[in-house]
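Coordinates in review
Residue-level listing of the chains:
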Amino acid sequence: MSRRTTRPRRSATAGTRPSAITADSPCPCGLPATYADCCGRLHAGTVAAPTCEALMRSRYAAFVVRDEAYLLRTWHPDTRPPAVGFDPGMRWVRLEILETTDGSAFHSTGTVTFRAHCTDGGRPDSLHEKSRFVRYEGAWVYTVPVFVD
């Protein structure tokens, strides 16, 4: 997920977790687990994403909680920006996984097609993207969007 990474504006809370998400909150990625038991473990670095879909979900959750370090850590170094600019007017509200191809423990590449719903300045919006992932130094990393509408 690459939306809003090149905007020069940065919120005063960029890189910090909004207070609405706690360890006991439902995970923003949409799976039926708490943040601590789901994407929070990946953000903390205690486990690695076993599949492309798990990495996609954790990256979406990282945008929700504004975890810049995780986003940069899980971005391939050839395509990684120097920083993630979080738009203070954007709130991510829901993730839909539409399709996955490959991306399991038995693959070296994979894609995840998703729609991430948000509000931008209070107006409903969404990002529809097919993201490409590869294994880099043994871990799944985000490389590029295959298409964006």
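As a starting point, this report considers the structure included with it. Note that the structure is predicted; figures quoted are calculated from it, not measured.

1. As for the nonpolar core
Grouped together as the largest cluster of nonpolar side chains are 34 residues, with contacts concentrated most on Cys39, Tyr60, Val84, Trp92, Ala116 and Phe133. Going through the elements one at a time, α1 (39-44), α2 (52-65), α3 (68-73), β1 (90-102), β2 (109-120), β3 (123-136) and β4 (139-148) are the ones with two or more residues in this core. Ranked by residue count, the leading element in this core is α2, at nine residues. With residues up to four places along the chain from it excluded, the contact list for phenylalanine 133 reads Cys52, Leu55, Met56, Arg59, Ser108, Thr109, Gly110, Val112, Trp140, Val141, Tyr142 and Thr143.

2. Points about the packing of aromatic side chains
Applying the stated criterion across every chain, the model contains five aromatic pairs. Ring geometry for phenylalanine 63 versus phenylalanine 86: centroids 6.1 Å apart, planes at 75°, classification edge-to-face. With phenylalanine 63 in helix α2 and phenylalanine 86 in the loop between α3 and β1, the pair connects residues that are 23 residues apart, well separated along the chain. Between phenylalanine 133 and tyrosine 142, the aromatic rings sit 5.8 Å apart at their centres with planes inclined by 70°, giving edge-to-face as the arrangement. Note on tyrosine 142: relative accessible area 1%, which makes it buried.

3. Focus: the side chain of histidine 43
Locating histidine 43 in the fold gives a position in helix α1. Classification of histidine 43 as buried rests on a relative accessible area of 7%. Ignoring sequence-local partners within four residues, the contact set of histidine 43 consists of Tyr35, Ser58, Ala61, Ala62, Val65, Asp67, Tyr70 and Arg73.

4. Digging into the pattern of salt bridges
Tallying each qualifying case throughout the model produces two salt bridges. We note a salt bridge from arginine 57 to glutamate 53, for which the minimum N-O separation is 3.0 Å. In this pair, arginine 57 and glutamate 53 are both assigned in helix α2, four residues apart and thus about one turn of the helix distant. Classification of arginine 57 by relative accessible area gives buried; the value is 12%. Of the residues examined, glutamate 53 reaches a relative accessible area of 27% and is grouped as partly exposed. Glutamate 96 serves as the salt-bridge partner of arginine 94, at 3.8 Å between the closest nitrogen and oxygen. Residue glutamate 96 is classed as partly exposed on the basis of its relative accessible area of 25%.

Cut-off values and rules
Residues numbered from 1 in each chain as written. Predicted model: local features only at pLDDT ≥ 70, side-chain atom pairs only at ≥ 80, totals over all residues. Heavy atoms only, no water. Core = buried A, V, L, I, M, F, W, Y, C linked by side-chain atoms within 4.5 Å. Buried < 20%, exposed > 50% of the residue type's maximum accessible area, 1.4 Å probe, protein only. Helix = DSSP H or I, 4+ residues; strand = E, 2+ residues; numbered from the N terminus. Contact = heavy atoms within 4.5 Å. Phe/Tyr/Trp six-rings, centres within 6.5 Å; stacked < 30°, edge-to-face > 60°. Salt bridge = Lys/Arg side-chain N within 4 Å of Asp/Glu carboxyl O.

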